[in-house]
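Here are the chains, one letter per residue:
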Amino acid sequence: MTAIVSVERLDKSFGPHAALREIGFEIHAGELVTLIGPSGSGKSTLLRHLIGLTRADRRSHSHVRVLDRDVQHGGRLLGASREQRRRCGYIFQQFNLAGRLSVMTNVLIGHLGAMPRWRALTGRFTQQERDLALRALERVGIVGLAHQRANTLSGGQMQRVAIARALVQEAEVIFADEPIASLDPRSAREVMEILQRINREDGRTIVVTLHQVDVARRYCRRAIALKQGRLYYDGPIAGLTDVRLQALYENAGLDELESRQPDHRIATPLHAVG
Ligand SMILES: Nc1ncnc2c1ncn2[C@@H]1O[C@H](COP(=O)(O)OP(=O)(O)OP(=O)(O)O)[C@@H](O)[C@H]1O
């Protein structure tokens, strides 16, 4: 099976604090994998290593590969080619849209990497490219907002624009860092449903960090769980039993346990994740 993401012996420290220790795993084509764990366990730091925004410790033997190319090796970042960047899509909690531009233009920005350089510089798009963007907006259910400015949208709508942009980009792997953290429960559900659908229908590989265990259980088949910077669990989401989850979150504060409740009410930690 093709490894889309491969991580070996990843160590990362911030000063004296060990944020990641000896992390290793592979993610294969077509998987929808969630990175979960308590606040501060290293989920976002790990994701940032995968996308080349953070480098591992210099003296480590760490190795990160994405789509058959080295992202970093031994703490040295290796610059991604234009082609490599085109093949990876990113969705962040804070949407990362150009607020003053229209929804349509934001989506078309996803296509820049596939355009001839001279035309990308002029920012002129063909009718065919516009149709591609409209089809992507249709798939995420907001084609009616194509000509609205991005900064007038709700959080859920903005996240759909970010997904449509990744679709137009024809990204083979999508990295999503807490894509639903700022959304209300209904929008969060809708965004996760869209991610699940494009994973199932297009076979795109998706790696998503999540705070809510119930959401991870509903939409993801595999979980990679971190605890205090170490790999705590890697396997089918069904294998993350209540007992394992309780151990994973056992030092978590009340706020965090509450946020893991589907409806934000807390009973006991065990029920909170059941
Ligand atoms: N730039 C940084 N400088 C110093 N420490 C950092 C930096 N980034 C992360 N850390 C520390 O590394 C650890 C892991 O942080 P990270 O944000 O990856 O955790 P997380 O699991 O994503 O948390 P959350 O769920 O709260 O977002 C934390 O202790 C955090 O304080």
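Shown above is the structure to which this text applies.
The text that follows walks through the structure, step by step, so that each part is easy to find. Small disclaimer: the values here were computed from a predicted structure and weren't measured.

The strand order β2-β1-β4-β5-β6 describes an open sheet built from 5 strands, whose pairing is antiparallel. The strands lining the two open edges of the sheet, one partner per strand, are β2 (17-28) and β6 (76-77). Here strand β4 (residues 63-66) pairs with strand β5 (residues 69-73) via 4 bridges, running antiparallel. Within β5, the residue paired with V66 across the bridge is R69.

Once that is clear, we can look at the site of the ligand. Taken together, the neighbourhood of the ligand is formed by F14, H17, A19, G37, S39, G40, S41, G42, K43, S44, T45 and H211. Taken together, the elements giving at least two residues each to the shell around the ligand come down to β2 and α1 (43-50). Among the elements that line the shell around the ligand, the one with the most residues is α1, at 3 residues. The class makeup of the residues in the shell around the ligand is 2 nonpolar, 9 polar and 1 charged.

An ideal rise of 1.5 Å per residue puts 18 Å on 13 residues; helix α5 (residues 127-139) measures up with 18 Å between its terminal C-alpha atoms. Within α5 the residues assigned to the buried category are L132, A133, A136 and L137. Along the axis of α5, the buried residues cluster in a sector spanning 135 degrees; they form a single face. Residues of α5 that are exposed and point over 90 degrees away from its buried face: Q127, Q128 and D131.

What follows covers the sheet that holds strand β9 (residues 205-209). Taken in spatial order, the 6 strands of this open sheet run β7-β8-β9-β3-β10-β11, and their pairing is mixed. Strand pairing shows two members of the sheet lacking a second neighbour, β7 (88-92) and β11 (230-236), which therefore form its edges. Here the average twist between neighbouring strands, direction ignored, is 15 degrees. Inspection of the sheet shows strand β3 (residues 32-36) paired to β9 by 4 bridges, in the parallel sense. Each bridged residue has a counterpart across the sheet, and for L32 the counterpart in β9 is I206. Across the sheet, helix α6 (residues 155-168) is in contact with β7 and β8 (173-177); its angle to β7 comes to roughly 175 degrees. The strands touched by helix α7 (residues 185-202) within the sheet are β3, β8 and β9, with β9 carrying the most contacts at an inclination of about 155 degrees.

The rules behind these values
- Residues numbered from 1 in each chain as written.
- Predicted model: local features only at pLDDT ≥ 70, side-chain atom pairs only at ≥ 80, totals over all residues.
- Pairing = 2+ DSSP bridges.
- Helix = DSSP H or I, 4+ residues; strand = E, 2+ residues; numbered from the N terminus.
- Near = placed C-beta within 6 Å.
- Nonpolar A, V, L, I, M, F, W, Y, C, P; charged D, E, K, R; others polar.
- Expected span 1.5 Å × (residues − 1).
- Buried ≥ 20, exposed ≤ 12 C-beta atoms within 10 Å, placed from the backbone.
- Arc of directions from axis to C-beta.
- Axes fitted to C-alpha atoms, helices over the stretch in contact; angles between N-to-C directions.
- Contact = placed C-beta atoms within 7 Å.

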